[in-house]
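# Chains, contacts and geometry: an overview
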Amino acid sequence: MKERNDKRYKKGSKNKKFQVYKPRKKKSAEEDAAIQYLQAQYVKIVSDDVKTFKDFPLSQKTLKGLKENNYIVPTEIQKQAIGYALQGKDILGAAKTGSGKTLAFLIPILENLFCKKWTRLDGVGALVISPTRELAYQIYETLRKVGFLHDFSVGLIIGGQNLKFERKRMDQINILISTPGRLLQHMDENPLFSCHNLQILVLDEADRCLDMGFEATMNAIIENLPPERQTLLFSATQTKSVKDLARLSLSFPTYVAPHEQAETVTPEFLQQSYIICEIHEKIGILWSFIKNHLKQKVLVFMATCKQVKYTYDLFCKLRPGVSLLALYGTLHQEKREKIYNEFCRKSNVVLFATDLASRGLDFPRVNWVIQMDCPEDVDTYIHRAGRTARGVFGKGEGLLMLLPNEEKIIEKLRNKKIPINKIAVDPSKVIAPQKKIEVLLSDHMDLKQTAQRAFVNYLKSVFLMKDKEIFDVKLIDTDAYARSLGLLVPPTVKFLQKYQKKDTNVKKESAEIDGHNVIEKLIEKSETEESDQSASKEEDYEKLLPEPIKTEPQNNIEIPKLDYQNFEVSDNDELLHTKEANVDAPLKDEPQTKKKISKSLTKAAAVKMILKKKIKVNSTVKFTELDEVMEDEQKDFKSDFGLHIAKTKDILQKEDKRDKPCFKEKAKAMQKEKKRKLKTKKKRDVGDKDDFGSLSESDGPDLSWLPDPDKVYGSKGSDNESLSGDNNRDSMQSDDQQCEESEDEQVYHRPSKRKLIESRGIPQEGLVPCKVKKIEDLSSKLSVHEAEMIAISLLKKKP
Ligand code: ADP
Ligand code: MG
């Protein structure tokens, strides 16, 4: 896009300033008038009357840009969508692949910002979100070509680029084209970036942007956008989900679908066919096809990155006589760009790709699209096939390779108005370079490893497919498939082994229990079940598995789940994320999209665990509320000194029983003695009274001749003597209280009330008797060892 001529602002002299600003003012007035005129025309647009772009009320800059790039006659979607978009309506645009949806949203963006006289200072005015980097780049290039006369700055913000470089320029961008992950990264981390002024939001390949893989990222992005904006959604397989529209605050968008009544949903000049073959025949058929189409541009879709890598590496070594390229998500961004440009430029070339290349990419003049593996669903088929026969009168051919059980997808394709014919392969013309492949693999260890990964990942991809009606990993002849890849020994596929083992185990067990093959029925049931689109892969797996627990009610050990964690998956493998994977999302997003998978447990492992935990089978274990084992569980435990705790306890309890009556008798005797003493004291007092007559407090009898009782009994003797069993208990409670108070004291640094009373010498009922306190202290200071030793010595004394 044309850079603003900044020189005119830098010129210093008054004359020059005058020279610069005078025409600008004039220009500005002209522009204002033109804008007003254009805006007045918007309401008068009738899409059927539009023959060329000139019939739209578009700015001269846009019209010139279109003309320069040979865009004269608008396509159907452009005719219908541009008018509504100029009127400021929200749009839900659905049109066939290659029908020109890109211009249907780029033209309104340019016009909207032009009419608002948008400048760099106004920030981001339009935001276009694309699910892949390549598509974002393609949109950016189209915008640069068509809008080269406008003064807006355009930014392409995609993953794999220099983040710092992007960060510094974010505040100057007017039209931003981005992938969801990178955009959110800037929103989260870049203080310079703000979308508060956003006028138009566009989602290209909207259904993909809004699907599960981007859900969290898109929700976070939408939260950062102002709600009062225009929103345009475009795709060949448009979402009509109310939930999706509500997420974007679209309540009444205008639905523009020019091809809704068309006979086919795929491009008119796209010839589509399919073949049925066995898995091991695929590589030979592909090789033969390439050898037969050396002068053509061919795009081959495969299910996984590893398959693409292996086929590319292998075929490069086999030298078919045509340029080969490979494009997949785990490649470095620079390589991705190089490969994309190379495939666009060349005309005799074969590109092996994953579904990364299936959405939106406008590779020019592609003759053939081969779908080597069955697509995940009908929409994926439409997008893959749509990489050919693009644009006005674009022609192309599509070939779909299916395994016999995958033929069920054909009915689904036809139901969605996709014309596809079955063709047969002439076996005599298929040249499978089997021997060469085997030799190559034996010579190149790395190639062999790639083959092994391709093998495992393909099986995984089939296993993880949602549509169980079409995809069945059990029906794949793994040995034959491995051999076709040049692997004489099929690699170990842990998950498959476990799955099959589990399957047979469960069958056996259920047969033993009730004599019927219940599992067969359960499998059949699970197979015929409609697969839940929203269900996770793990749930799918569980559906597929029979329900073993139900068939063995007395067995409490759960039949383990499949161990996904043991999958030999490299970090780069996009397959585990399947179609929902967001290759552009920042790494920190990964935990949001990844689901935690519970680790599996085999029966042997469960038994080991039980043995390790010393859990006795058929024993009753009682637990307290705090999940602790109750005391009687410790009856068999022995102390470090060999003291049998439970037995010792029993003996002590018996001793207690015997001692209790003795103690009671002693207490009673003490009580009697006390009472007796009191009585004699009273008698003596009465006798004294009688001797000395009535007493007044002021002048009592002179008792100085009597000996000092303190000296005779000790200062605290009377207190201690007065202790009875009950008093003792009270005192202990008081002691506890004192302990608590002393703790408080530590915290608040104030003496306790009790201490204050004591220090003042005021007697208080139930005060802590020091003797008891000492006993308490002693017992609390005893270690377990000392306590045990005492217990042992006590027991030894007993007969
Ligand atoms: P879609 O997004 O619908 O798949 P694109 O926007 O990528 O389609 O356009 C497909 C091809 O059609 C591109 O090569 C584009 O240059 C071309 N095209 C788009 N609009 C026009 C037009 N009005 N006239 C001629 N060619 C067009
Ligand atoms: Mg497109």
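Structural data are supplied above this passage.
Rules used throughout
Residues numbered from 1 in each chain as written. Chains lettered and ligands numbered in written order. Predicted model: local features only at pLDDT ≥ 70, side-chain atom pairs only at ≥ 80, totals over all residues. Heavy atoms only, no water. Helix = DSSP H or I, 4+ residues; strand = E, 2+ residues; numbered from the N terminus. Buried < 20%, exposed > 50% of the residue type's maximum accessible area, 1.4 Å probe, protein only. Contact = heavy atoms within 4.5 Å. Areas by Shrake-Rupley, 256 points an atom, 1.4 Å probe, with all protein chains shown as cover. Near = heavy atom within 4 Å. Nonpolar A, V, L, I, M, F, W, Y, C, P; charged D, E, K, R; others polar. Domains from an automatic or database assignment. Salt bridge = Lys/Arg side-chain N within 4 Å of Asp/Glu carboxyl O. Pairing = 2+ DSSP bridges. Right-handed = clockwise from strand over helix to strand, strands pointing away. Axes fitted to C-alpha atoms, helices over the stretch in contact; angles between N-to-C directions. Core = buried A, V, L, I, M, F, W, Y, C linked by side-chain atoms within 4.5 Å. Patch = residues over 30% accessible without salt bridge, like charges linked within 9 Å, V, L, I, M, F, W, Y side chains within 5 Å. Phe/Tyr/Trp six-rings, centres within 6.5 Å; stacked < 30°, edge-to-face > 60°. Parallel < 35°, antiparallel > 145°, perpendicular 65-115°, else oblique.

Per the secondary structure count, the chain includes 32 helices and 14 strands. Of all 799 residues assigned to the chain, the portion counted as buried reaches 44%. Long-range pairs, those at least 24 residues apart, make up 75% of the contacts in the chain with a sequence separation of at least 6. For the chain, the accessible surface area stands at approximately 46,200 Å², while carbon and sulfur atoms represent 52% of it.

Taken together, 18 residues lie around ligand 1, and Tyr71, Val73, Gly98, Thr102 and Asp362 are the ones closest in. If one sorts the elements of the shell around ligand 1 by residue count, helix α5 (residues 101-115) sits on top with three residues. Taken together, the residues that form the shell around ligand 1 break down as six nonpolar, eight polar and four charged. In terms of domain composition, the shell around ligand 1 takes at least three residues from each of domain 1 (29-256) and domain 2 (270-484).

With that settled, consider the pattern of salt bridges. Evaluated as defined, the whole model comprises 20 salt bridges. Its salt-bridge partner being Lys240, residue Glu260 comes within 3.6 Å of it at the nearest N-O pair. Separated by 20 residues along the polypeptide, Glu260 in the loop between β7 (254-256) and β8 (270-276) and Lys240 in the loop between β6 (230-235) and α11 (242-247) bring together distant segments of the chain. The partner of Arg676 in a salt bridge is Glu673, with the nearest N and O atoms 2.6 Å apart. With Arg676 and Glu673 both in helix α26 (residues 645-692) and three residues apart, the pair spans about one turn of that helix. Of the residues examined, Arg676 reaches a relative accessible area of 45% and is grouped as partly exposed. Counted as one network, the salt bridges with shared partners bring together Glu205, Asp207 and Arg359.

Let's shift gears to the pairing of strand β4 (residues 175-178). If a strand is regular, its side chains alternate between the two faces of the sheet. The alternating pattern of β4 places Ile175 and Ile177 and Leu176 and Ser178 on opposite faces, both of which are buried. Two elements, strand β2 (residues 126-129) and β4, share four bridges in a ladder whose sense is parallel. Among the inter-strand pairings, Ala126 is bridged to a residue of β4, identified as Ile175. In this view, the connection linking strand β3 (residues 154-157) to its parallel neighbour β4 by way of helix α7 (residues 163-169) has right-handed handedness.

Attention now goes to the sheet that holds strand β13 (residues 396-402). Taken in spatial order, the seven strands of this open sheet run β10-β11-β9-β12-β13-β8-β14, and their pairing is parallel. Edge positions in the sheet fall to β10 (323-327) and β14 (421-422), since each of these pairs with one other strand and no more. Note that strand β12 (residues 368-371) and β13 share four bridges and pair parallel. Paired with Trp368 across the two strands is Glu397, which belongs to β13. Against the sheet, helix α13 (residues 305-318) touches β10 and β11 (349-353), its axis set at about 165° to β10. Strands β9 (297-301), β10 and β11 of the sheet are contacted by helix α14 (residues 333-345), whose axis makes an angle of about 135° with β10.

Before going further, it helps to spend a moment on the nonpolar core. One finds Leu286, Tyr310, Leu314, Phe315, Phe352 and Phe363 to be the most contacted residues of the largest nonpolar core, which totals 138 residues. Two domains share this core, each providing at least three of its residues, namely domain 1 (29-256) and domain 2 (270-484). Leaving out residues up to four positions away in the same chain, Phe315 has contacts with Ile283, Leu286, Trp287, Ile290, Pro320, Leu324 and Phe352. In terms of nonpolar packing, the next biggest core, distinct from the first, is built from 28 residues, Leu184, Phe193, Ile221 and Leu248 among them.

This part is about the sheet that holds strand β5 (residues 200-204). Reading across from one edge, β3-β4-β2-β5-β6-β1-β7 is the order of the seven strands in this open sheet, with parallel pairing throughout. Of all the strands in the sheet, just β3 and β7 have a single pairing partner and so form its edges. The sheet shows a mean angle of 15° between the axes of neighbouring strands, taken without regard to direction. Looking at chain direction, β2 and β5 are connected through four bridges and run parallel. If you follow Val128 over to β5, its bridge partner there is Val202.

Let us now look at a nonpolar patch on the surface. A surface patch of nonpolar side chains, about 350 Å² in accessible area, is lined by Phe269, Val392 and Phe393. Tracing the backbone through its elements, the reader meets Phe393 in the loop between α15 (378-385) and β13. Phe393 gets classed as exposed once you look at its relative accessible area, which sits at 66%.

Here we take up the packing of aromatic side chains. How two aromatic rings sit relative to each other is set out by the distance from centre to centre and by the angle between their planes. Going through the model one piece at a time under the given rule, you end up with 10 aromatic pairs. When the ring of Tyr137 is compared with that of Tyr340, the centres are 5.9 Å apart and the planes differ by 85°; the resulting orientation is edge-to-face. Placement of Tyr137 in helix α6 (residues 133-146) and of Tyr340 in helix α14 is noted, with a sequence separation of 203 residues between them. Their ring planes at 80° and their centres at 5.1 Å tell us that Trp287 and Phe315 sit as a pair that is edge-to-face. Within this pair, whereas Trp287 is found in helix α12 (residues 282-292), its partner Phe315 is found in helix α13, the two being separated by 28 residues in sequence. In this structure Trp287 comes out as buried when scored by relative accessible area, which is 6%. Judged by relative accessible area, which is 0%, Phe315 ranks as buried.

Helix α4 (residues 76-86) sits mainly inside the fold: eight of its 11 residues count as buried. Among all positions in α4, only Ile77, Gln78, Lys79, Ala81, Ile82, Gly83, Ala85 and Leu86 are buried. Tucked inside the fold, the buried residues of α4 contact β1 (91-94), α5, β6 and β7. Positive phi appears at Gly88, one or two residues downstream of α4, with a value of about 90°.

Let us now look at the packing of α13 against helix α17 (residues 434-443). At a minimum axis distance of 11 Å, the contact between α13 and α17 shows a crossing angle of 105°. When the interaxial angle is binned, α13 and α17 end up roughly perpendicular. Contact residues: α13 offers Tyr310, Leu314, Lys317 and Leu318, while α17 offers Lys436, Ile437, Leu440 and Leu441. Here the contact of α13 with α17 is built from residues that sort into six nonpolar, no polar and two charged.

These values are about where atoms sit, not about what they do.
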